[in-house]
Amino acid sequence: LPKVPTMAVEKVFVYNNTSIVQDEILAHRLGLIPIRADPRLFEYRNQGDEEGTEIDTLQFQLKIKCSRNPQAAKESSDPNELYFNHKVYSKHMTWVPLGNQTDLFPEADFRPVHDDILIALLRPGQEIDVLMHCVKGIGKDHAKFSPVATASYRLLPDITLLQPIEDEAAELLQKCFSPGVIEIQNIKGRKVARVANARLDTFSREVFRHESLKNLVRLARVRNHYIFSVESTGILPPDVLVSEAIKILMGKCQRFLNELDSVPME
């Protein structure tokens with residue numbers, strides 16, 4: 001996943017910034033905003049290129065100025081009533097097509113993944129006027145290019161009921177696990193517990209706090225069954241991220257095999 005590329009703000013051209021946020025801090029904040037743009041549509045920018053082109057750069061503009069609201073009540077102290085544009089959000093970033101990008105991407109909707117990311121706070125007279133260049137990169141080089149928020153794995157839980165658990169004990173057992181793990185069936189007028197979906201268990205071990213249950217249940221993990229969880233930042237769907245990561249891994253394996261083949265045998 002650190003090798004799956006994304007588009008992120010790399011260069012920020014500051015034409016005016018009279019906010020209290022310093023230029024370099026503003027540029028850093030803009031760089032961390034995830035951009036909804038399929039990186040597979042773009043090329044990597046060549047090393048040393050100062051000017052971007054339509055095939056390797058996305059350009060965004062952020063131009064906003066804060067002013068007073070003349071209709072605000074005199075006794076009001078709420079900035080939302082007193083000022084216009086006092087909060088700068090990611091929704092204020094607008095795509096500025098480069099070259100023939102309008103023709104290349106006629107149905108494109110390049111924008112931040114989330115519209116409500118707070119970038120800065122302004123007061124009357126303060127303004128921000130910047131131009132941003134987004135380029136293609138990988139998380140290995142900078143965290144802003146990472147397409148995932150969290151990626152983790154765990155072993156599949158294995159829950160075994162060592163003997164039938166019924167009635168009040170079954171209801172207590174159900175409460176010891178996450179919802180959906182233990183199911184209660186009605187068999188011949190009795191409530192009987194069964195393991196419905198062990199995958200949902202968080203392995204809290206809550207059942208071992210109860211003397212009446214701790215010797216009736218065995219908790220373990222399936223040693224060769226891994227559950228991978230990938231949370232996307234929204235740039236690409238998780239299933240696309242995983243398939244792209246697998247393609248990159250397959251490419252690395254193939255390069256390694258090719259190098260092995262090219263090494264002369266002694």
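Residues numbered from 1 in each chain as written. Predicted model: local features only at pLDDT ≥ 70, side-chain atom pairs only at ≥ 80, totals over all residues. Heavy atoms only, no water.

Taking strand neighbours across the sheet as the criterion, the four strands line up as β1-β10-β3-β7 in an open arrangement whose pairing is antiparallel. Whereas interior strands pair on both sides, the edge strands pair on one side only; in this sheet they are β1 (5-17) and β7 (94-95). As paired strands, β1 and strand β10 (residues 127-138) are joined by 11 bridges and run antiparallel to one another. Within the sheet, the bridge partner assigned to T6 lies in β10 and is G137. Against the sheet, helix α1 (residues 23-31) makes contact with β1, β3 (58-65) and β10, and its axis sits at roughly 150° relative to β1, the strand it touches most. (Pairing = 2+ DSSP bridges. Helix = DSSP H or I, 4+ residues; strand = E, 2+ residues; numbered from the N terminus. Contact = heavy atoms within 4.5 Å. Axes fitted to C-alpha atoms, helices over the stretch in contact; angles between N-to-C directions.)

Moving on: the UniProt feature "domain: DNA-directed RNA polymerase RpoA/D/Rpb3-type" (unreviewed entry) in the protein. Within the UniProt annotation, "domain: DNA-directed RNA polymerase RpoA/D/Rpb3-type" (unreviewed entry) is assigned to residues 2-259. This span, residues 2-259, is 19% helix and 36% strand, and a straight line between its end C-alpha atoms measures 23 Å. (UniProt positions renumbered as here; feature names shortened; annotations may be inferred.)

Moving on, we come to the nonpolar core. Counting 26 residues, the largest nonpolar core has L30, L62, M93, I119 and I128 as its most contacted members. Every element with two or more residues in this core is listed here: β1, α1, β3, β9 (118-121) and β10. With residues up to four places along the chain from it excluded, the contact list for L62 reads L30, V88, H92, M93, I119, I128, D129, V130 and M132. (Core = buried A, V, L, I, M, F, W, Y, C linked by side-chain atoms within 4.5 Å. Buried < 20%, exposed > 50% of the residue type's maximum accessible area, 1.4 Å probe, protein only.)

Glancing now at the environment of L62. Relative to the helices and strands, L62 resides in strand β3. With a relative accessible area of 0%, L62 lands in the buried category. Linking L62 and W95, residues 33 residues apart in sequence, is a C-alpha distance of 9.2 Å.

As far as domains go, the protein holds domain 1 (5-146), domain 2 (156-224) and domain 3 (227-262). Averaged C-alpha coordinates put domain 2 and domain 3 at centres separated by 37 Å. (Domains from an automatic or database assignment.)

On to a nonpolar patch on the surface. Together, Y153, Y226 and F228 make up an exposed nonpolar region whose accessible area comes to about 410 Å². Among the secondary structure elements, F228 is positioned in strand β14 (residues 217-232). Classification of F228 as exposed rests on a relative accessible area of 60%. (Patch = residues over 30% accessible without salt bridge, like charges linked within 9 Å, V, L, I, M, F, W, Y side chains within 5 Å. Areas by Shrake-Rupley, 256 points an atom, 1.4 Å probe, with all protein chains shown as cover. Salt bridge = Lys/Arg side-chain N within 4 Å of Asp/Glu carboxyl O.)

Glancing now at unusual backbone geometry. In this structure, F203 is a non-glycine residue whose phi angle is positive, near 60°. For F203, the location among the structural elements is in the loop between β13 (190-195) and β14. Positive phi outside glycine occurs at R205, with the angle close to 65°. For R205, a relative accessible area of 46% gives the class partly exposed.

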